[in-house]
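Architecture and fold: a report
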Amino acid sequence: MIEKIIQKSLQDKELSEKEIKELFKVPVFSKEGSLLLWAARIKSNQVSKGVAEVHAQIGLNIAPCPKNCRFCSFAAQNKVFTESFELPIDDAILQARQFEADKANAIYLMTTANYPFEQFIETSKEIRHSLKRETVLVANIGDFTFAQAQELKQVGFSGIYHAVRLKEGKDTRIPLKTRLETTSNAQDAGLLVGTCVEPVGTEHSLDELVEKTIITREVKPVYSGAARRIPIPGTILAKYDIVSEAKMALILAAVRLALGSSIKGNCTHEPNVVGACAGANLLWAEVGSNPRDIIKDTEKKRGMSVQDCISILKEAEWSVLDGPSQLYAVSL
Ligand code: SF4
């Protein structure tokens, strides 16, 4: 059964909901599991021509966020950060230039959902003007309108990162519909969208994984993948176990096989060799604020550097792209 589903995926035929669920059922360290990991890597290699990417994110601010996503350290109710903080613009520019020098293939600017949009535009303009023209910029911010998407495009963003999270509307205060509308607004304005099945925890059912995988397929992103939830100490979700990297490798492999070849990228977070071996061809470095961290400079704790991510990809036998992201390749 699993073999047939894998063959169907490798022939680039669309998998049904039932078939995707069968992939998610495969146990770790089983014969079928090995086959799944092998097939995902083959497919990932083929669609990206054996080349992986490292993207690097700058968290621009910290603020208690009223959207209260249970998995996020910025959520007001989680009381991890009770005061607001903003990275000074000069520091943000220095960091973005450092990422350029480190050869990150794309630079993401991230804020909390309640960060004022016009302020984000002004900050982004300054950062954009300090970087090389070919440097790819990606926005990772709250939900926005079509007019705001047009502004992002005008500033020089190539795309956005945006996801309908697992238990969206239940573990978050954002309706699923709003997340999808933002994605459409971005695409209608000419922005490319990267997404992911996240944040995966042991509390999620197979049906939930299938539902979110299909959503990522339907939004026609430039990449999808799977990322695990990092338990934030003292929060309501911390009672659930973290998903092991071994299990996450199977999950991201199942997502890779559920998606067609037109979707070139397969991401995982946080970066790890097992996931990269299983087909993850996109990893993220991080500095500044981070919704999975409990200190304000994630580079001192959870955040990996561009070099760390390159090393992980090389350990997993990937070549790493030298130059601007091909996943977010658009004419500006
Ligand atoms: S994930 Fe985003 S929207 Fe949710 S609480 Fe954190 S910053 Fe706010």
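This part takes up the overall build of the protein chain. Within the protein chain, the secondary structure is distributed over eleven helices and twelve strands. Taking 2.2 N^0.38 as the reference for a compact globule, 332 residues should give roughly 20 Å; the C-alpha atoms of the protein chain span a radius of gyration of 19 Å, in line with that estimate. With the C-alpha coordinates aligned to their principal axes, the bounding extent of the protein chain is approximately 55 × 40 × 35 Å. Here the contacts in the protein chain between residues at least 6 apart in sequence split such that 75% fall between residues at least 24 apart. In the structure as shown, the protein chain presents an accessible area of about 14000 Å², 52% of it carried by carbon and sulfur atoms.

Turning to the layout of surface pockets, a few remarks are in order. Approximately 240 Å³ is the volume attributed to the largest pocket. Val 47, Ser 48, Lys 49, Val 51, Ala 52, Glu 53, Val 222, Lys 264, Asn 281, Leu 321, Gln 326 and Leu 327 together form the lining of the largest pocket. Of all the secondary-structure elements, those providing two or more residues to the lining of the largest pocket are helix H3 (31-48) and strand S1 (51-59). Element by element, the count of residues in the lining of the largest pocket is highest for S1, at three residues. Grouping the constituent residues of the lining of the largest pocket by class yields six nonpolar, three polar and three charged.

Below, the discussion takes up the site of the ligand. Around the ligand, the surrounding shell consists of Cys 65, Lys 67, Asn 68, Cys 69, Cys 72, Phe 74, Ala 75, Thr 112, Ala 113, Arg 165 and Ile 174. When atoms are counted within 2 Å of each cavity's grid points, the one that captures over half of the ligand is the largest cavity. Considering only residue class, the shell around the ligand consists of seven nonpolar, two polar and two charged.

Below, the discussion takes up the side chain of Lys 43. Here Lys 43 shows up in helix H3. At 3.0 Å, the side chain of Lys 43 and the side chain of Ser 9 are in polar contact. The residues contacting Lys 43, other than those within four sequence positions of it, are Ser 9, Leu 10, Asp 12, Arg 256, Leu 257, Leu 259, Gly 260 and Ser 261.

Among the nonpolar cores identified, the biggest contains 43 residues, and Ile 58, Phe 120, Leu 152 and Phe 157 are the most heavily contacted of them. Counting residues per element, the ones that place at least two in this core are S1, helix H4 (89-101), strand S4 (106-110), helix H5 (117-130), strand S5 (137-140), helix H6 (146-155), strand S11 (282-288) and helix H11 (306-315). In terms of residue count, the dominant contributor to this core is H11 (five residues). Setting aside residues no more than four positions away along its own chain, Phe 120 makes contact with Leu 60, Leu 109, Thr 111, Tyr 115, Ala 139, Ile 141, Leu 152 and Phe 157.

Within the structure shown, the criterion is met by eight aromatic pairs. Here Phe 120 and Phe 157 contribute two aromatic rings whose centre-to-centre distance is 5.6 Å and whose plane-to-plane angle is 15°, an arrangement assigned as stacked. Within this pair, whereas Phe 120 is found in helix H5, its partner Phe 157 is found in the loop between H6 and strand S6 (159-161), the two being separated by 37 residues in sequence. Residue classification places Phe 120 among the buried residues on the basis of a relative accessible area of 1%. Aromatic side chains Tyr 161 and Trp 284 sit 5.9 Å apart centroid to centroid with 80° between the ring planes, which places their arrangement in the edge-to-face category. You can see Tyr 161 sitting in strand S6 and its partner Trp 284 sitting in strand S11, a full 123 residues away along the chain. Judged on exposure class, the residue Tyr 161 and its partner Trp 284 are both buried. Lying over the aromatic face of Phe 85, Lys 296 brings its terminal NZ or CZ to 4.3 Å of the ring centre.

What follows covers unusual backbone geometry. Here the residue pair Glu 198 and Pro 199 is connected by a cis peptide bond, since its omega of -10° sits within 30 degrees of zero. The omega angle of the peptide bond from His 269 to Glu 270 is 5°, so this bond is cis rather than trans. Even without being a glycine, Asn 68 presents a positive backbone phi close to 50°. By the element assignment, Asn 68 lies in the loop between strand S2 (61-62) and strand S3 (85-86). A residue is classified by how much of its surface remains accessible, and Asn 68, at 9% relative accessible area, is buried. Non-glycine residue Lys 79 carries a positive phi angle of around 50°. Locating Lys 79 in the fold gives a position in the loop between S2 and S3.

Here we take up the side chain of His 269. Along the polypeptide, His 269 turns up in strand S10 (residues 265-269). There is a polar contact of 3.0 Å between the side chain of His 269 and the side chain of Glu 286. His 269 has contacts with Ala 226, Ala 227, Arg 228, Trp 284, Glu 286 and Arg 292, leaving out every residue within four places of it along the chain.

Calculation notes
- Residues numbered from 1 in each chain as written.
- Predicted model: local features only at pLDDT ≥ 70, side-chain atom pairs only at ≥ 80, totals over all residues.
- Heavy atoms only, no water.
- Helix = DSSP H or I, 4+ residues; strand = E, 2+ residues; numbered from the N terminus.
- Rg over C-alpha atoms; globule rule 2.2 N^0.38 Å.
- Contact = heavy atoms within 4.5 Å.
- Areas by Shrake-Rupley, 256 points an atom, 1.4 Å probe, with all protein chains shown as cover.
- 1 Å grid on protein atoms, 1.4 Å probe; cavity = no way out; pocket = protein on both sides within 12 Å on 5 of 7 lines; lining within 4 Å.
- Points joined across faces, edges and corners; volume = space filled by probe spheres on them.
- Nonpolar A, V, L, I, M, F, W, Y, C, P; charged D, E, K, R; others polar.
- Near = heavy atom within 4 Å.
- Sits in = over half its atoms within 2 Å of the grid points.
- Polar contact = N/O pair within 3.5 Å; in protein donor to acceptor, adjacent residues only side chain to side chain.
- Core = buried A, V, L, I, M, F, W, Y, C linked by side-chain atoms within 4.5 Å.
- Buried < 20%, exposed > 50% of the residue type's maximum accessible area, 1.4 Å probe, protein only.
- Phe/Tyr/Trp six-rings, centres within 6.5 Å; stacked < 30°, edge-to-face > 60°.
- Lys NZ or Arg CZ within 6 Å of the ring centre and 35° of its normal.

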